[in-house]
Amino acid sequence: MPDSPATQTAEEFRIVKRQLLLNAFARGENAIKNGNLILVCSAQPNEGKTFCAINLALSIASERDLTVLLVDADFAKPEILSTLGLEGGKGLVDVIVDPSLDLADCLIRTNIENLAVLPAGRQHHLTTELLASERMGAMIEEIAQRYRDRVVIFDRRRRWRRPPPPCWRCMSARCCSWWRPRARASRSCAKAWP
Ligand SMILES: Nc1ncnc2c1ncn2[C@@H]1O[C@H](COP(=O)(O)OP(=O)(O)OP(=O)(O)O)[C@@H](O)[C@H]1O
Ligand SMILES: [Mg+2]
């Protein structure tokens, strides 16, 4: 939590956060298009994507002047709401399927003032197709335009072979994944794709 005491994990998130924030709000020749959109993903399940997305969001939300939107884009296994103890509601899938729905109406406020969550929404049998659809691309673009002053973090399982569908390529994404194999704890922070 933003005001909780320092732990090693919190410290590690602080270090990652600094670099991501530099990218997010770089100006002039260092400016990065959609640098405020951060995609957390990994090749394998259970590698800590949701853990990283949530902790990164909490860490950034502890910054006094920043607002964070945490998007659950893992349609197959959405876990952000349950992890944060939030009630379910309409979300990204619903907005993609029904263009009359407004994205803003699906945002869930949290008891952390500058953190909002966009849930995955209802289960749909064509989630892979939805994620690769033009409408998904339009949603990412809308999120980028509408919330350009916010840091937007996507928790997303990777189901495609490189490169990802065009709509996801607009992000200057870095993929952060920490994991603890049985024998030893290790950590990595790598570019999601070249
Ligand atoms: N750095 C870490 N330290 C301690 N526990 C961790 C860490 N990273 C992940 N975990 C734990 O490992 C488990 C798997 O993490 P998580 O659910 O975030 O993975 P995931 O990649 O989102 O999985 P899935 O692919 O199923 O969505 C969770 O119980 C999480 O709390
Ligand atoms: Mg997950």
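None of the values given here were measured: they were computed from a predicted structure.

Novice: Help me out: how do you make sense of the pairing of strand β1 (residues 37–40) in this one?
Specialist: Where a strand is regular, its side chains alternate between the two sheet faces. Of the two faces of β1, the one carrying L37 and L39 and the one carrying I38 and V40 are both buried. Pairing geometry for β1 and strand β5 (residues 151–155), over four bridges, is parallel. What sits directly across from I38, in β5, is I153.

Novice: What am I meant to see in the packing of helix α1 (residues 8–24) against helix α2 (residues 49–61) here?
Specialist: α2 packs onto α1 with a crossing angle of 75° between their chain directions and a minimal axis gap of 9 Å. Our classification of the angle between α1 and α2 gives roughly perpendicular. Only N55, L56, S59 and I60 of α2 make contact with α1, whose side of the interface consists of T9, A10, F13, R14, V16 and K17. Taken together, the residues of the contact of α1 with α2 sort by class into five nonpolar, three polar and two charged.

Novice: I'm lost on the confidence of the model for the protein in this one. Help?
Specialist: As a general rule, the predicted coordinates of low-pLDDT regions are not to be interpreted in detail. When the pLDDT values of the protein are averaged, the result is 82; 78% of them are 70 or greater. Every residue in residues 175–194 scores below 50 in pLDDT, and together they form 34 contacts with partners more than four places removed in sequence or on other chains.

Novice: Looking at this model, I keep getting lost on unusual backbone geometry. Mind explaining?
Specialist: Note on backbone geometry: most residues besides glycine have negative phi, and most peptide bonds are trans. Positive phi, close to 55°, is recorded for N34, a residue that is not glycine. By the secondary structure assignment, N34 is in the loop between α1 and β1. The residue N46 is not glycine, and still its phi comes out positive at about 65°. Following the sequence through the fold, N46 ends up in the loop between β1 and α2.

Novice: How should the sheet that holds strand β4 (residues 115–118) be read in this particular structure?
Specialist: Sheet strands line up and pair through hydrogen bonds in the backbone, either parallel or antiparallel. Strand order in the open sheet made by the five strands is β1-β5-β2-β4-β3, with mixed pairing throughout. Of all the strands in the sheet, the pair left with one neighbour each is β1 and β3 (108–109).

Novice: Would you mind showing me how to read the site of ligand 1 here?
Specialist: In the neighbourhood of ligand 1, 14 residues make up the surrounding shell, with P45, G48, K49, T50 and F51 lying closest. For the shell around ligand 1, the element with the highest residue contribution is α2, accounting for three residues. Across the shell around ligand 1, the residue classes tally to three nonpolar, four polar and seven charged.

Here is what the cut-offs are and how they apply
- Residues numbered from 1 in each chain as written.
- Chains lettered and ligands numbered in written order.
- Predicted model: local features only at pLDDT ≥ 70, side-chain atom pairs only at ≥ 80, totals over all residues.
- Buried ≥ 20, exposed ≤ 12 C-beta atoms within 10 Å, placed from the backbone.
- Helix = DSSP H or I, 4+ residues; strand = E, 2+ residues; numbered from the N terminus.
- Pairing = 2+ DSSP bridges.
- Axes fitted to C-alpha atoms, helices over the stretch in contact; angles between N-to-C directions.
- Parallel < 35°, antiparallel > 145°, perpendicular 65-115°, else oblique.
- Contact = placed C-beta atoms within 7 Å.
- Nonpolar A, V, L, I, M, F, W, Y, C, P; charged D, E, K, R; others polar.
- pLDDT = per-residue confidence, 0-100.
- Near = placed C-beta within 6 Å.

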